[in-house]
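Letter by letter, the chains look like this.
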Amino acid sequence: MDRRTDRRTHPAQGGALAEGGAGGACDRPLAGTVLIPFLQRCIQLLLLPLHILARLGLWDPFYKKLFPHVMARVAPTYNRKVFRQKQELFSNLRKFAAPSGQLTLLEIGTGTGTNFQFYPPGCRMTCTDPNPNFSKFLLKSLSENQHLKLERSLVASGEDLRQIPDGAVDVVVGTLVLCSVTDAEKVLREVLRVLRRGGAFYFLEHVAAAHSSWTYFWQKVCDPVWKYFGDGCSLSRDTQQELEKTNFSELNLRRIHITPYWVPTSPHIIGYAVKFCSAQILCPTLEMAEAAILVLRACLTLLALPIYILSFLGIWEPFCKKIFFPFFLDKLSVIHEKKAKKHKLELFQNLPNFKSPSGELKLLEIGTGLGANFQFYPPGCKVTCTDINPNFQKGLLRNMSKNQHVHYERFLVAAGEDLHQVPSGSMDAVICTLVLCSVDNVSGTLKEVLRVLKPGGAFYFLEHVAADPSSWRHFWQQVYHPTWKLVFAGCCLTREIWKNLEQANFSELNLKHINISLPWTPIQPHIIGYAVK
């Protein structure tokens, strides 16, 4: 996958720009309420003949024949821009092959076949597209990619794949398709149906920009007429939300920008999602679940009644902060670090990319706790530590003595929502692991993160989050939630923190949903990644 190739981004990235310039903050209310409809009408007047043809039913059949020729010219240019991203995206296709080693692949909206070069040799491929006029270009691509075996080519829309049996394919691929389908939710249901359990859906889609940006403003202005030139393509579709709502067990997704950054199709999402395996069972009906949650919560409250009484008397919170939580975190962090070490090594490997021009790297860690992250920081970096709880000192000093490659500047007793002791724009990177689950205000904390970061600086995160709402894990998270929050210093099991990160005004968000193996606990679902100011 990819990002912009400038000094402040991961080497494996390929396109991300702050949505300034072409997408800076659009903070004028009139832009949404008056200017968008006005400019839409202006463009519609300029293209009045096209609207008349569309109303008369003449444009669609004409453009269906023209569109493949347009794509045959445009697709190679686009493919060159995203070559590295696609290469990385499809590099693990073999991982989803059947036990026999054979990979069965379905591509929806195949178009001119620009993805063929990225598929592994010998895979058995089925192609679908609702437009039969692509056939000439499809055959040309096949002749250039003879490492593939085409099983069949179907004229079919993504919403209706009835010709493909249930659970028949290992992988489904859709690139620049969900932007133009009539019903994205229905397409994703069909994708899940045709995938075998444990199979994967690969995607690369242009999407709606941040709603506070000028890019989104122009997407809304151009949307009504863009569909005529993009064969139904929508500029402002929130495809990420559709993917999150779909019942995938694992979603690996990140946002990128493709050059040129000023065009309304620059914001993209890229990644893959995995269909749940047979071991994953869906939750009971909503009514049954809600009743069961209330009953089980009551049982858990009875079991934890002494803690509730101590809390009512004002004794539990100071005891928890001073003795219980530091002791518990000391034990839990050892287990969590073993399970999460591989992910953290990968996450923090590009921290040096965010050094200032002088070569200095200044880090701020929010909710430092015992200092479990120090081992992953690059030598010589300057670290400022903050935590709302001053009682972690013993464990913190132990980890500081173990990690003397880091220069420790100061320790502040401060909440994530109030970092007034840290000057604005003073940090190259901010680190936050297992913290946003327990802050009082996630959005307030992210605002402070953006304030203290330098332009181009990065926010690194690893957080446990709410599980898939249709899963048993989410059911048990809801059961445990009130008691868990009381016992573990405000930790919330059901927060959808990725949504807060998407709403924060970062220019680039690299986010992945993962599961960390912590058996019999409700904190296995995590998100990991970094966001750039």
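Residues numbered from 1 in each chain as written. Predicted model: local features only at pLDDT ≥ 70, side-chain atom pairs only at ≥ 80, totals over all residues. Heavy atoms only, no water.

1. Regarding the side chain of His51
Thought 1: Inspection of the secondary structure puts His51 in helix 2 (residues 48-55).
Thought 2: The exposure class of His51 is buried, given its relative accessible area of 16%.
Thought 3: The residues touching His51, leaving out its near neighbours within four places in the chain, are Gln44, Val225 and Tyr228. (Helix = DSSP H or I, 4+ residues; strand = E, 2+ residues; numbered from the N terminus. Buried < 20%, exposed > 50% of the residue type's maximum accessible area, 1.4 Å probe, protein only. Contact = heavy atoms within 4.5 Å.)

2. Observations regarding the confidence of the model for the protein
Thought 1: When pLDDT is averaged along the protein, the result is 86, and 92% of the positions lie at 70 or above.
Thought 2: Low pLDDT, under 50, characterises residues 1-30; the predicted model gives this stretch 109 contacts beyond four residues in sequence or across chains.
Thought 3: Below a pLDDT of 50 lies the segment residues 279-283, which in the model reaches 11 contacts outside its immediate sequence neighbourhood of four places, other chains included. (pLDDT = per-residue confidence, 0-100.)

3. Re the pattern of salt bridges
Thought 1: On inspection of all chains with the given rule, the structure shows 14 salt bridges.
Thought 2: Where Arg196 meets Asp170, a salt bridge forms, and the shortest distance between an N and an O atom there is 2.6 Å. One end of the pair, Arg196, is in strand 5 (residues 195-206); the other, Asp170, is in strand 4 (residues 169-175), and 26 residues separate them in sequence.
Thought 3: Classification of Arg196 by relative accessible area gives partly exposed; the value is 22%.
Thought 4: What makes Asp170 buried here is its relative accessible area of 4%. (Salt bridge = Lys/Arg side-chain N within 4 Å of Asp/Glu carboxyl O.)

4. A word on the packing of aromatic side chains
Thought 1: Inspection of every chain in the model, using the stated rule, returns 35 aromatic pairs.
Thought 2: Summarising the aromatic geometry, the rings of Phe201 and Phe203 are spaced 5.9 Å apart at their centres and angled 35° between planes, so their arrangement reads as tilted. An identical accessibility class is assigned to Phe201 and Phe203; each is buried.
Thought 3: An angle of 10° between the planes, with centres 6.4 Å apart, marks the rings of Phe201 and Phe248 as stacked. A residue pair is termed long-range when its members are at least 10 positions apart, and Phe201 in strand 5 and Phe248 in strand 6 (residues 248-257) qualify at 47 residues. Neither residue differs from the other here; Phe201 and Phe248 are each classed as buried.
Thought 4: Feature note: the residues Phe83, Phe90, Phe96, Phe116, Phe118, Tyr119, Tyr202 and Tyr272 constitute an aromatic cluster, connected by ring pairs. (Phe/Tyr/Trp six-rings, centres within 6.5 Å; stacked < 30°, edge-to-face > 60°.)

5. Concerning the nonpolar core
Thought 1: In this structure, Phe348, Leu351, Leu363, Tyr377, Val383, Ile431 and Tyr460 are the most contacted members of the largest nonpolar core, which totals 41 residues.
Thought 2: Listing elements by their share of this core, those giving two or more residues are helix 11 (316-348), strand 9 (382-387), strand 11 (427-433), strand 12 (453-464), helix 14 (472-487) and strand 14 (525-532).
Thought 3: Excluding its chain neighbours within four sequence positions, the residues that come into contact with Phe348 are Asn373, Phe376, Tyr377, Ile431, Thr433 and Tyr460.
Thought 4: Formed by 30 residues, the second largest nonpolar core is a distinct cluster that contains Leu364, Leu446, Trp498 and Leu511. (Core = buried A, V, L, I, M, F, W, Y, C linked by side-chain atoms within 4.5 Å.)

6. Some details on unusual backbone geometry
Backbone phi values are negative for most residues with the exception of glycine, while trans is the configuration of most peptide bonds.
Thought 1: Of the consecutive residues Thr259 and Pro260, the connecting peptide bond is found in the cis state with omega at -5°.
Thought 2: Looking at the element boundaries, Pro260 is found in the loop between strand 6 and strand 7 (267-275).
Thought 3: For Leu434, which is not a glycine, the phi torsion comes out positive at approximately 55°.
Thought 4: Counting through the fold element by element, Leu434 comes out in the loop between strand 11 and helix 13 (442-452).
Thought 5: Leu434 gets classed as partly exposed once you look at its relative accessible area, which sits at 33%.

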